[in-house]
Amino acid sequence: MSRPLVEVAGLSVEFPARRGVVRAVRDVGFAVHAGECLAVVGESGSGKSVTARTLLGLAGPAARVRAATLSFEGRDLRALTPREWRLLRGRRIGYVLQDALTSLDPLRRVGDEVAEPLEVHGLATAADLDDQVVALLAEVGIPDPWTRFLQYPHELSGGLRQRALIASAIAARPSLLIADEPTTALDVTVQAQVLDLLDARRRDGTGTLLISHDLAVVARLADRVSIMYAGLVVEEGPAADLLSSPAHPYTADLLAAVPSLDGPVRRPREISLAPAARSGCPYASRCALADDRCRAESPPAAPYGPGRTVRCFRPGQDPPRAPETPPVTVPVTLPVPAESPAAERAVVSVRGVTKRFRSAGGSRRTAVDEVSFELRAGEALGLVGESGSGKSTTARMVLAEFAPDAGDVLLDGEAWSGLRERDRRPRRARIQLVDQDPLSSFDPRFTVQRIIGEALPRGFTGDRGRRRVAGLLGDVGLGPEILDRLPAQLSGGQRQRVAIARALAPGPEVLVCDEPVSALDVTVQAQILALLARLRRGSGLSLLFISHDVGVVRQVCDRVAVMKDGALVEIGDVETVLRAPRAPYTRALLSAVPRLAVGRRTAVPIPVPDMDLKGPT
Amino acid sequence: MPTLARRLSRRLALTLIAMWGAATLAFAGMRLVPGDPARVIAGGVQANATPQVLDAIRDQYGLREPVLVQYGVFLGRLLRGDLGESYQLNQSVSGVILDQLGPTVALAAGASALGFSLAVGAALLTAGRPGPRVVSRALEFGSISTPNFWIGILLLAAFSFRLHWFPVIGDGGLSALVLPWVALALPIAGVLAQVTREGLERALGQPFALTARARGATEHRVRLRHALRHAALPVLTLSGWALGELLAGAVVVETVFARQGLGHVVVAAVRGRDFPVVTGVVVLSALTFSLVNTALDLLYRLVDPRMRQAAL
Amino acid sequence: MSAPAAVPYDPVRAAEARARAPRRRWPFRPGVLLAAAFLMLVCAAAAFPGLLGHAPDQVDPAAALRGPGGAHPFGTDELGRDVLARIVYGARPSLLVGAGSTLLAGLAGAVWGLAGALGGRVVGEAAMRVADVLLAFPAILMALLVVAVLGPGTRNAVLAITVALAPGFARVVRVQALVVRDSAYVRAAVNLGLSPARVLVRHIVPNVVAPLLILATVNIGTAIIAGASLSFLGLGPQPPDPEWGSMLAQARDYLDVSWTLALFPGAAITLTVMSATIAGRALQARYEGRGGG
Ligand SMILES: Nc1ncnc2c1ncn2[C@@H]1O[C@H](COP(=O)(O)OP(=O)(O)OP(=O)(O)O)[C@@H](O)[C@H]1O
Ligand code: SF4
Ligand SMILES: [Mg+2]
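Since the structure is predicted, the reported quantities are computational estimates derived from the model, not experimental observations.

### Remarks on the pairing of strand β21 (residues 542-547) of chain A
Residues and elements named next belong to chain A. Judged by how many residues are buried, β21 sits mostly within the fold: 6 of 6 residues are covered. Residues of β21 alternate between two faces, with Ser542, Leu544 and Ile546 on one and Leu543, Phe545 and Ser547 on the opposite face, all of them buried. Bridge analysis of strand β16 (residues 380-384) against β21 gives 5 bridges, and the strand direction is parallel. Bridging across to β21, Ala380 finds its partner in Leu543. Summarising the sheet, strand β20 (residues 510-514) and β21 pair through 5 bridges and their orientation is parallel.

Structure representation (structure tokens):
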């Protein structure tokens with residue numbers, strides 16, 4: 001085998017903190033060969049980005065970097081002067097950051113940004129700089145490159161921005177491309193195109209270091225996968241092998257948490273989400289297999305089959321079967337109306353609603369276009385679609401936050417969107433919201449006790465109220481110790497649970513969930529989805545569940561409605577729609593969803609129409 | 001660009017409204033002073049205006065008519081560009097202002113040039129560099145907390161009375177302007193340096209700065225080509241405030257250094273209750289202030305392309 | 001003179017930062033303690049100026065324009081009055097103008113800004129257009145106009161600076177109130193079926209008032225300087241009452257003889273302003289979670 005492009009061994013990065021140090025990266029090692037893609041996967045804060053930035057010498061002025069080996073193209077990076085680093089950056093190593101809106105300078109033209117590496121490394125004469133940049137823009141599939149050249153980043157859609165960012169990273173033909181979450185903020189169809197673009201570079205011989213929190217994204221592109229947890233590489237190996245037979249319990253938990261479109265719906269066990277252990281195996285605080293030895297000593301990296309290493313004392317063992325979590329004990333809503341012919345009663349009827357907004361230029365944009373559907377008692381209806389397709393606007397009209405321009409919404413068969421707010425107020429308890437960003441939906445001065453207490457129906461005062469709040473917290477899997485905390489002092493998963501508890505407090509019949517898990521790590525996301533499923537089984541709640549992620553919708557919903565450009569293109573039973581989508585758009589959407597099981601080499605080419613030509617978003 | 005035109009006309013309308021507001025306030029103020037309005041305009045009891053002068057004033061300002069008509073007459077005269085007559089100085093108000101405009105503009109222009117360059121220089125050199133940052137922050141805090149008349153007095157004591165480097169009394173020469181410039185510029189430079197550095201540091205912490213570095217850009221390039229433009233946005237927003245500070249400071253600094261100028265005239269007019277002069281200066285500065293703010297607004301759009309599309 | 005335009009401030013993010021900030025056992029730095037101590041001293045002087053024993057208006061021509069030392073630690077002025085006593089007696093008007101006008105302007109600005117944000121079309125628009133007009137010319141002119149109409153004096157100086165500061169506060173409060181009104185937690189409260197009055201009292205007002213208080217505290221220094229400027233120009237408290245600004249105006253005329261005469265009143269102003277600002281920033285840092293002071 002030829003010499004690797006990048007070789008890292010024993011890399012550790014520390015940051016001084018108020019108390020002691022943050023050990024962001026510990027004893028990390030890997031290699032990337034030319035034409036190979038190594039994916040680094042792990043949850044937020046596991047040290048992925050720090051590792052990537054260290055390869056560019058950009059870990060930050062406070063960072064303390066140590067390594068046994070840190071070499072690139074045969075050169076020892078540990079000995080580089082600042083000037084030598086600069087010659088490497090942008091020229092030999094290209095870097096693509098997550099959010100293209102903030103990674104492209106918003107005050108400079110797209111063309112100038114793409115041209116920067118050519119300019120600073122003197123790789124183009126002033127005369128042909130523009131031509132080169134336009135050629136690059138065309139190369140990454142940006143239509144009408146001359147126009148885009150002169151535009152500013154905010155005038156481009158998310159996908160085009162990400163392409164421009166990639167164009168600038170590959171401008172100087174670097175031999176290594178580092179992509180840190182290159183597709184995280186993008187819609188699936190656009191995501192697929194960006195991944196194809198990276199794949200094309202890889203096939204042309206560029207070594208690729210792909211960083212992601214999403215195993216499914218990685219499955220499409222990676223030759224090798226490296227799983228990070230708490231700054232450590234806990235498992236490394238060939239992608240197909242590692243994904244089909246995970247050796248480390250964390251890898252297995254990650255895989256189980258990915259909602260899939262194929263096979264039976266998996267119900268992940270409710271694992272604890274304790275922070276990493278400080279001594280012994282860092283995963284011991286969460287691991288179902290942890291024993292005393294795990295808690296006492298840290299497992300070394302050990303070989304596991306051909307080309308694989310794993311840091312675990314009990315690699316490849318199946319965790320004990322988790323007992324099925326019992327449904328909610330306390331009835332969270334009114335007693336389930338079991339006798340009534342519940343299944344067919346419509347709790348929410350949306351009848352031909354339309355909403356237009358005035359956009360910046362003064363023109364009117366139709367956000368929701370004659371949408372009709374029914375939410376039946378006790379069912380979970382998913383609403384999927386890309387960003388901007390009108391999902392949230394629909395939700396806000398269902399909640400009667402504003403009135404539709406045409407059509408109406410009925411609640412329990414009675415007028416709802418047409419009422420005056422004063423008449424609506426007493427019935428608001430019947431329909432509640434769980435929002436994407438729970439933190440901003442809490443008054444920052446309120447404790448958890450007050451947040452939920454405020455939502456209780458009249459009569460729950462004093463001790464009775466306190467008991468009820470504690471009971472609700474129990475239902476969502478939280479202990480009473482957080483009652484006096486402020487929302488800012490909770491973790492992301494805890495916040496979303498509190499938000500759910502508050503939504504349940506008034507005893508609603510309908511829960512509207514607007515992207516309730518899209519801001520969470522997969523493992524946390526899986527927990528919240530399991531919680532919602534459990535709540536529903538126990539209480540007969542009806543759910544309107546909005547998500548951009550079809551896999552997530554499949555986890556919780558009975559039926560699904562697909563939206564595109566404000567209109568409903570398809571509605572039906574989840575499994576039916578997934579198996580036999582009728583609308584062409586649904587088909588395109590489904591084929592773009594990254595799948596775990598399917599490796600890159602077997603992936604069918606995706607007939608995605610270029611959805612990226614919307615222009616400014 | 002239709003949005004630009006709309007924006008511009010909106011700003012100009014606002015300018016007119018501001019001037020109308022200023023004039024209305026001045027008129028209301030004049031009428032709020034107890035006593036015979038004609039005598040108030042003439043400069044109060046101590047001015048000892050003759051009955052003939054008082055009669056002339058009554059005719060000119062329509063003081064024998066109802067208040068609303070007086071208001072109309074007042075606005076009409078302003079609209080024609082007639083700022084009236086100072087009976088204390090025996091000179092037309094526009095004449096007074098024109099005479100005194102030069103020294104004040106020289107003072108303010110020099111001080112703002114000095115203040116802005118000090119601020120941007122300090123910010124560029126110290127942003128994100130812990131050591132120099134501490135020093136610069138202490139200096140800025142000191143200059144913000146110190147009233148400019150005290151700075152002026154200390155400068156006078158040290159450089160004019162002790163060292164005799166600069167003249168004590170402001171004559172026309174350039175050397176007489178140096179100390180006033182410094183006294184006027186320092187407090188403004190303090191605030192602007194803080195804001196500029198904050199803007200620079202915020203920009204340097206953004207992903208696009210990291211991306212620029214990852215392209216091999218030098219520290220210079222990242223600061224000058226990327227971050228500085230971002231820092232310019234809050235500074236532009238503050239420039240309107242800085243102009244107001246400059247005017248306020250000019251009033252005080254002219255007094256400290258016994259200079260001629262508008263500030264001096266205004267203080268004398270307020271003390272002597274010379275209402276025609278006060279009115280003239282108030283309306284004129286409302287105009288200047290609004291026009292400068294309009295220009296700043298356009299400049300802001302020039303620097304920030306994201307603002308160009310946004311309506312209003 | 002007016003408040004530099006404050007960035008709309010997000011209570012949610014601030015609370016998050018606050019929760020993340022490490023807790024310190026002793027929340028204040030030495031600088032903050034010094035500032036607090038000095039402020040207390042100034043407040044004591046303002047409240048009980050007589051405690052020192054010296055009279056501020058005792059003329060002694062024989063001892064005019066003495067340097068610091070001996071019976072007169074800060075020296076004497078051109079009439080032989082004790083500078084230290086005059087500084088102590090000058091604390092009251094200086095503080096009164098600084099803190100009084102900030103307080104009044106803060107109150108007026110709160111009502112005005114809330115009306116602007118929540119007053120509906122007519123009231124809200126009217127309130128903000130008036131503020132726009134007032135903000136369209138320099139605050140100093142507002143203050144001078146008020147003095148021209150009302151005449152000089154301590155009370156009028158307070159009013160003048162109040163009028164000059166209030167529109168700026170109103171604008172800040174309005175922006176803040178709009179941020180809160182459109183926040184997800186107000187949306188959540190409405191979805192719970194809370195009445196508008198309850199939402200206003202429980203969620204909107206408290207989240208607007210806290211940052212306003214901080215802004216006002218940080219602004220006291222500005223107001224003190226503005227008040228001192230007015231009296232330096234002879235438009236504030238009138239002689240023979242001592243005030244730091246007017247003391248500097250007298251000192252200006254005797255610079256050739258005694259430069260120390262200008263030293264102490266100026267230092268009193270600057271130190272008070274610094275202390276007020278440090279204290280305000282410490283409050284702000286605690287509130288916004290940037291690790292106490
Ligand atoms: N400049 C820095 N100063 C101090 N700590 C830092 C710094 N940069 C990163 N860290 C810490 O290092 C750890 C790893 O961070 P890193 O950004 O690499 O995580 P990540 O895996 O990329 O997470 P995400 O998925 O959220 O991007 C975190 O605890 C983070 O707080
Ligand atoms: S070492 Fe022990 S605790 Fe750590 S992952 Fe393996 S089994 Fe779990
Ligand atoms: Mg990262």
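Back to the text.
### Side note on the domain arrangement of chain B
Residue and element names in this part refer to chain B. When the domains of chain B are assigned, the result is domain 1 (1-87 + 273-312) and domain 2 (101-265). Each of domain 1 and domain 2 has a C-alpha centre, and the two are 31 Å apart. Counting residues at the interface gives 11 residues for domain 1, matched by 10 residues for domain 2. Contact between domain 1 and domain 2 buries roughly 960 Å² in total, counting both sides, with carbon and sulfur atoms accounting for 85%. Three residues, Phe289, Tyr300 and Val303, lead the burial of domain 1 against domain 2; their summed loss comes to 47% of the area buried on that side. If you look at where domain 1 meets domain 2, you find 0 salt bridges. Applying the counting criterion to the domain 1 and domain 2 interface returns 0 residue pairs in polar contact (both at pLDDT 80 or more).

### Describing the packing of aromatic side chains
Residues and elements named next belong to chain A. Counted under the stated rule, the structure contains 10 aromatic pairs over all chains. Centre to centre, the rings of Tyr229 and Tyr283 are 5.0 Å apart; their planes meet at 85 degrees, and the pair counts as edge-to-face. Taken as a pair, Tyr229 in strand β10 (residues 224-229) and Tyr283 in the loop between α11 (249-257) and α12 (292-296) lie far apart in primary sequence, 54 residues in all. We classify Tyr283 as buried; its relative accessible area is 1%. Look at Phe357 and Phe402: their rings are 6.0 Å apart centre to centre, the planes differ by 90 degrees, and that puts the pair in the edge-to-face class. Of this pair, Phe357 sits in strand β14 (residues 346-358) while Phe402 sits in the loop between α13 (391-398) and β17 (406-411), and the two are 45 residues apart along the sequence. Given a relative accessible area of 34%, Phe357 falls into the partly exposed group. Members of the aromatic cluster, joined through ring pairs, are Tyr229, Tyr250 and Tyr283. Positioned over the ring face of Trp416 is Arg424, at 5.9 Å from the centre of the ring.

### Comments concerning helix α6 (residues 154-181) of chain C
With 28 residues, α6(C) extends 39 Å between its outermost C-alpha atoms, agreeing within 8% with the 40 Å of an ideal straight helix rising 1.5 Å per residue. Along α6(C), the sharpest change in direction is near 30 degrees and occurs at C:Leu165; proline C:Pro167 comes one to four residues later.

### Details of the interface of chain C and chain B
Taken together, the contacts link 44 residues of chain C with 48 residues of chain B. Both sides together, the interface formed by chain C and chain B hides about 3,900 Å², and carbon and sulfur atoms give 78% of it. When the area that chain C buries against chain B is broken down by residue, the three leading residues are C:Val149, C:Leu233 and C:Arg252, summing to 16%. Put simply, chain C and chain B have 0 salt bridges between them. The tally of links between chain C and chain B comes to 5 residue pairs in polar contact (both at pLDDT 80 or more). Elements that contribute at least two residues to the side of chain C that touches chain B include exactly α4 (120-135), α5 (139-150), α8 (196-232), α9 (244-253) and α10 (263-288) of chain C. Looking at the side of chain C that touches chain B element by element, the count peaks at 10 residues for α10(C). Tallied by class, the residues present in the side of chain C that touches chain B amount to 34 nonpolar, 7 polar and 3 charged.

### Some points on the pattern of salt bridges
Counted by the stated rule, this structure contains 64 salt bridges over all chains. Its salt-bridge partner being A:Asp463, residue A:Arg466 comes within 3.5 Å of it at the nearest N-O pair. One end of the pair is A:Arg466 and the other is A:Asp463, both in helix α16 (residues 462-475) and 3 residues apart, which spans about a single turn. What makes A:Arg466 partly exposed here is its relative accessible area of 45%. The closest approach of N and O atoms between A:Asp565 and A:Lys564, which form a salt bridge, is 3.4 Å. By relative accessible area, A:Lys564 is classed as partly exposed at 26%. Here the salt bridges do not stand alone but share partners, grouping A:Arg108, A:Glu113, A:Glu116, A:Glu119, B:Arg215, B:Arg221 and B:Arg225 into one network.

### Things to note about the site of ligand 1
Residue and element names in this part refer to chain A. Every residue near ligand 1 is listed here: Phe15, Val22, Ala24, Glu43, Ser44, Gly45, Ser46, Gly47, Lys48, Ser49, Val50 and Glu181. The contact in question runs from an oxygen atom of ligand 1 to an N or O atom on the backbone of Ser46, over 3.1 Å. The contact in question runs from an oxygen atom of ligand 1 to an N or O atom on the side chain of Lys48, over 2.7 Å. Relative to its unbound accessible area of 640 Å², ligand 1 is 63% covered by the protein chains. Elements represented by at least two residues in the shell around ligand 1 include exactly β2 (21-32) and α1 (48-54). With 3 residues, the top contributor of residues to the shell around ligand 1 is α1.

### Considering the nonpolar core
A:Ile452, A:Leu473, A:Val498, A:Ile500 and A:Phe545 are the most contacted members of the largest nonpolar core, which has 199 residues in total. The greatest single-element share of this core, amounting to 13 residues, is contributed by α8(C). When residues of this core are sorted by domain, at least three fall in each of domain 1 (1-87 + 273-312) and domain 2 (101-265) of chain B. Ignoring anything within four residues of it in the chain, the contact list for A:Ile500 reads A:Val434, A:Val476, A:Ile528, A:Leu531, A:Leu532 and A:Leu535. Counting 67 residues, the second largest nonpolar core, distinct from the first, contains A:Ala100, A:Leu129, A:Leu186 and A:Val234.

### Focus: the sheet that holds strand β15 (residues 364-376) of chain A
Residues and elements named next belong to chain A. Ordered in space as β15-β14-β17-β18, the 4 strands form an open sheet in which the pairing is antiparallel. The sheet is open, and its two edges are formed by β15 and β18 (414-415), each paired on a single side. As paired elements, β14 and β17 share 5 bridges and run antiparallel to each other. The residue of β17 that forms the bridge with Thr354 is Ala406. The sheet strands contacting α13 are β14, β15 and β17, and the helix crosses β14 at an angle near 120 degrees.

Definitions and cut-offs
- Each chain carries its own residue numbering, running from 1 in the written order of its sequence.
- Chain letters start at A and ligand numbers start at 1, both assigned in the order the entries are written.
- It should be noted that, the model being predicted, local features are given only for residues of pLDDT at least 70 and side-chain atom pairs only at 80 or more, the latter also being counted only at that level, while totals for whole chains, interfaces and linings use all residues.
- Hydrogens and water molecules were not included; the side-chain quantities draw on all heavy atoms of the structure.
- The buried label goes to any residue with under 20% of its type's maximum accessible area, the exposed label to any with over 50%, and the partly exposed label to all in between, with areas taken from a 1.4 Å probe on protein chains only.
- Helix and strand labels come from DSSP, where a helix needs a run of H or I of at least four residues and a strand needs a run of E of at least two; each type is numbered from the N terminus.
- Whether two strands pair comes down to DSSP finding at least two bridges between them.
- An automatic or database domain assignment is the source of the domain bounds shown.
- What makes two residues a contact is simply this: any of their non-hydrogen atoms within 4.5 Å.
- When two parts are brought into contact, each loses some accessible area as probed by a 1.4 Å sphere; the total of that loss over both is the buried area.
- For salt bridges, the criterion is a side-chain nitrogen of Lys or Arg within 4 Å of an Asp or Glu carboxyl oxygen.
- We define a polar contact as two N or O atoms separated by no more than 3.5 Å, with the added condition that, inside protein, one atom must be a possible hydrogen donor and the other a possible acceptor, whereas residues neighbouring each other in sequence contribute only through side-chain atom pairs.
- The pairing test for Phe, Tyr and Trp rings, Trp by its six-membered ring, is centres within 6.5 Å, and the orientation test on the planes gives stacked under 30 degrees, edge-to-face over 60, and tilted for anything in between.
- Charge over a ring is defined by NZ of Lys or CZ of Arg lying within 6 Å of the ring centre and within 35 degrees of the ring normal.
- Working rule for helices: expected span equals 1.5 Å times residues minus one.
- Here the bend at a residue means the angle between the axes of two seven-residue stretches, the one that ends at it and the one that starts at it.
- Gly is placed with the polar residues, together with every amino acid not listed as nonpolar (Ala, Val, Leu, Ile, Met, Phe, Trp, Tyr, Cys and Pro) or charged (Asp, Glu, Lys and Arg).
- In this text, near means that some heavy atom of the residue lies within 4 Å of the molecule or strand in question.
- We get accessible surface area from the Shrake-Rupley algorithm with a probe of 1.4 Å; when it comes to residues, only the shown protein chains can shield them.
- Nonpolar core, defined: a set of buried Ala, Val, Leu, Ile, Met, Phe, Trp, Tyr and Cys residues in which side-chain atoms within 4.5 Å join the residues together.
- Comment: axis = line fitted to C-alpha atoms, over the contacting stretch for helices; angle = value between 0 and 180 degrees taken between N-to-C directions.

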